[in-house]
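# Reading the structure
Listed below, chain by chain, are the residues.
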Amino acid sequence: MSVFDLAGRKALVTGGARGLGQGMAEALARNGASVVVADLLDVEGAAVAEQLAKEGVTAGFVHLDVTDEASWEAGIAEAAELLGGLDVLVNNAGVEISALISEFRPEDLRTMLEVNVLGTALGIKHGLRAMRPGGVAGAGGSIVNISSVAATIAFPGISGYSATKSAVDRLTRVAAAEAGKLGYGVRVNCVYPGLVPTTMGNQLAVDMAELGLFPSVEEAVGTVVALTPSGRLGEVADMADAVVFLASDAARFITGAGLPVDGGMGS
Ligand SMILES: NC(=O)c1ccc[n+]([C@@H]2O[C@H](COP(=O)([O-])OP(=O)(O)OC[C@H]3O[C@@H](n4cnc5c(N)ncnc54)[C@H](O)[C@@H]3O)[C@@H](O)[C@H]2O)c1
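Overview of the structure. Quick caveat, the model's predicted, so the values are computed rather than measured. Within each chain, residue numbers correspond to sequence positions counted from 1 in written order. The model is predicted, so local features are restricted to residues of pLDDT at least 70 and side-chain atom pairs to those at 80 or more, both for listing and for counting; the totals for chains, interfaces and linings are taken over all residues. In computing side-chain values, all of the structure's heavy atoms are included and hydrogens and water are not.

With that settled, the discussion passes to the pattern of salt bridges. The salt bridge definition used is simple: a Lys or Arg side-chain nitrogen within 4 Å of an Asp or Glu carboxyl oxygen. Taken as a whole, this structure holds seven salt bridges when the rule is applied. Across the pair Asp249 and Arg9 runs a salt bridge, and its minimum N-O distance is 3.0 Å. Residue Asp249 is located in the loop between helix 8 (236–247) and strand 7 (258–261), and its partner Arg9 is located in the segment before strand 1 (10–14); the two are separated by 240 residues in the primary sequence. A relative accessible area of 35% places Asp249 in the partly exposed class. Between Arg173 and Asp169 there is a salt bridge; the shortest N-O distance is 3.0 Å. Remark: Asp169 and Arg173 occur in helix 5 (residues 159–181); sequence separation between them is four residues, near one turn of the helix. When salt bridges that share partners are traced, they join Arg105, Glu107 and Asp108 into one network. What counts as a helix is a DSSP run of H or I of at least four residues, what counts as a strand is a run of E of at least two, and both are numbered from the N terminus. For every residue, the accessible area (1.4 Å probe, protein chains only) is compared with the maximum for its type, and the residue is labelled buried under 20%, exposed over 50%, or partly exposed between those bounds.

We now examine the site of the ligand. Whether a residue is near a molecule or strand is decided by its heavy atoms; if any one of them lies within 4 Å of it, the residue is near. What surrounds the ligand is a group of 27 residues, the closest being Asp39, Asn92, Tyr161, Val196 and Thr198. Distance and chemistry together define a polar contact, namely a pair of N or O atoms within 3.5 Å, with one atom able to donate a hydrogen and the other to accept it when in protein, and with adjacent residues in sequence counting only for side-chain atoms on both sides. In the environment of the ligand, an oxygen atom lies 2.6 Å from a nitrogen or oxygen atom belonging to the side chain of Tyr161. Mapped by element, the contributors of at least two residues to the shell around the ligand are helix 1 (19–30), helix 5 and helix 6 (199–210). Counting residues per element, the shell around the ligand draws most heavily on helix 6, at three residues. Tallied by class, the residues present in the shell around the ligand amount to 13 nonpolar, ten polar and four charged. Note that Gly is not counted as nonpolar here; it falls among the polar residues with everything else outside the nonpolar set of Ala, Val, Leu, Ile, Met, Phe, Trp, Tyr, Cys and Pro and the charged set of Asp, Glu, Lys and Arg.

On to the environment of Leu113, then. Mapped onto the fold, Leu113 is located in helix 4 (residues 106–131). A relative accessible area of 41% places Leu113 in the partly exposed class. Any two residues whose heavy atoms approach within 4.5 Å are treated as being in contact. In this structure, Leu113 is in contact with Leu118 and Thr164, ignoring residues within four places of it in sequence.

What follows deals with the sheet that holds strand 5 (residues 141–146). Ordered in space as 3-2-1-4-5-6-7, the seven strands form an open sheet in which the pairing is parallel. The open sheet terminates on both sides in strands that have one partner only, identified here as strand 3 (59–63) and strand 7. Mean inter-strand twist for the sheet, computed between neighbouring axes without regard to direction, equals 20 degrees. In this analysis, axes come from line fits to C-alpha atoms, helices being fitted only over the stretch in contact, and the angle between any two N-to-C directions falls in the range 0 to 180 degrees. Sitting on the sheet, helix 8 touches strand 4 (88–91), strand 5, strand 6 (186–193) and strand 7, and the angle it makes with strand 6 is about 165 degrees. Only strands that DSSP links by at least two bridges are regarded as paired with each other.

Take a look at the structure:
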């Protein structure tokens, strides 16, 4: 069996109803894992799980609001019951609200802090509690948090978002240190995706033009590509495959790390 193989692993992906999270859920399943898709979007999330089930994967959907602790408690319990355990948690749910820092609205920054920082912190908390010895799953595992290239470079128009994604990076590293020191058997890493044209990624390019930072959406996207040594935007599969790697035994000696998956944009 390949060290990349996830046969027998049980995974939960937040924000798995669409975009990068959907791709991650599908890639984890394609590599052998059973998967629970967790999201606020019930119809889309259930459809992703249903499609996986049709392909023979043990899969399900749970309604989970990452900002709500009770929702995490119920969602993890439901996922562990459905899958018969939990070894992989991908904290992917996130929101981005662009603004010039001279103009930002406190309520928008609060929303990003709630979802991106508190949501990821609660995910780590409940993931560790479930996977550590004595937890509902109790067999150790891997937590992968989705940060952003925005945590590694300064791009205009996304100060608040960048701050929250830098926080995801720090949460990851401290969680990895604690999990190691306390013998939880759980690795904790994060990924810094580059720009991918999902709902969020496309809106970000529109925002850049609307904020007057670039003359057009095309020029905003062109600037990102020009800053990227690989010479293209990211694709959903680029991010999904990196998550599969970090979830797998191929990454068994990797914890507390941040993996850029950005075509070199942040280097
Ligand atoms: N697309 C990009 O260019 C890009 C780049 C770097 C990082 N990221 C990060 O990748 C992740 C996924 O981004 P995407 O492009 O797929 O975005 P998206 O907007 O297409 O999908 C985000 C998903 O998260 C869900 N979500 C939002 N708030 C939630 C909550 N409170 N509880 C549960 N689910 C919630 C949404 O319903 C949605 O399904 C995000 O964390 C984002 O910040 C995206």
